[in-house]
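# Examination of the molecular architecture
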Amino acid sequence: MRLIILLLATLLIACGSEDKPANLIEQDKMSKILADVHEAEARVNNMHLGGQDSSLLAYQRLRWKIMKQHQTDTATFRVSLKYYITHPPAFKTMYEDVKIILENRRKAVQTVKPKVAKRDTLKKATKATVSQPVKQP
């Protein structure tokens, strides 16, 4: 959430050039990276770590893994992000893709979780313990 506010504030302040950087990350790849970054932020927020320093360290570690996974570095990511922020139509399209990616991931997680009824589990456990004879000395 903080990243979105920061991005929007930067968008309002930024004055962009028309030249694309040489190492610009493609829009579809950037969408995937941003989706991973937002997911990492959510994970860190849900960890409820004691202090801000711990949260920052956890986030930086996750961000490093994301950059490694997408075979890019932080500097290239920042240059590309700055470029897209200063080009609102491309930025809007990219964030629509990010939204779709995150929504698809959420749906995938919801369908993967098995829905096991607690009653069935308890019945199976009770039957197993009752059916075994108790040995008396």
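Computed from a prediction, not measured in an experiment: that's the story for all the values here.

Time to look at helix α2 (residues 27–47). Taking 1.5 Å per residue as the helical rise, α2 with its 21 residues ought to reach 30 Å, and the 30 Å between its terminal C-alpha atoms agrees with that figure. Every buried residue of α2 is listed here: Met-30, Ser-31, Ile-33, Leu-34, Ala-35, Asp-36, Val-37, His-38, Ala-40, Glu-41 and Val-44. Two residues or fewer after α2 comes His-48, characterised by a positive phi angle close to 50 degrees.

Our focus in this paragraph is the pattern of salt bridges. Applying the stated criterion across every chain yields a total of four salt bridges. For Glu-39, the salt bridge goes to Arg-105, with nearest N and O atoms at 3.2 Å. Within this pair, whereas Glu-39 is found in helix α2, its partner Arg-105 is found in helix α5 (residues 88–112), the two being separated by 66 residues in sequence. A residue is classified by how much of its surface remains accessible, and Arg-105, at 25% relative accessible area, is partly exposed. Where Glu-103 meets Arg-106, a salt bridge forms, and the shortest distance between an N and an O atom there is 2.2 Å. Taken as a pair, Glu-103 and Arg-106 lie in helix α5 at a separation of three residues, close to a single helical turn. Among the residues examined, Glu-103 registers a relative accessible area of 30% and is labelled partly exposed. Taken together, the shared-partner salt bridges connect Asp-36, Glu-39, Arg-43 and Arg-105 into one network.

Each value, and the rule that gives it
- Residues numbered from 1 in each chain as written.
- Predicted model: local features only at pLDDT ≥ 70, side-chain atom pairs only at ≥ 80, totals over all residues.
- Heavy atoms only, no water.
- Helix = DSSP H or I, 4+ residues; strand = E, 2+ residues; numbered from the N terminus.
- Expected span 1.5 Å × (residues − 1).
- Buried < 20%, exposed > 50% of the residue type's maximum accessible area, 1.4 Å probe, protein only.
- Salt bridge = Lys/Arg side-chain N within 4 Å of Asp/Glu carboxyl O.

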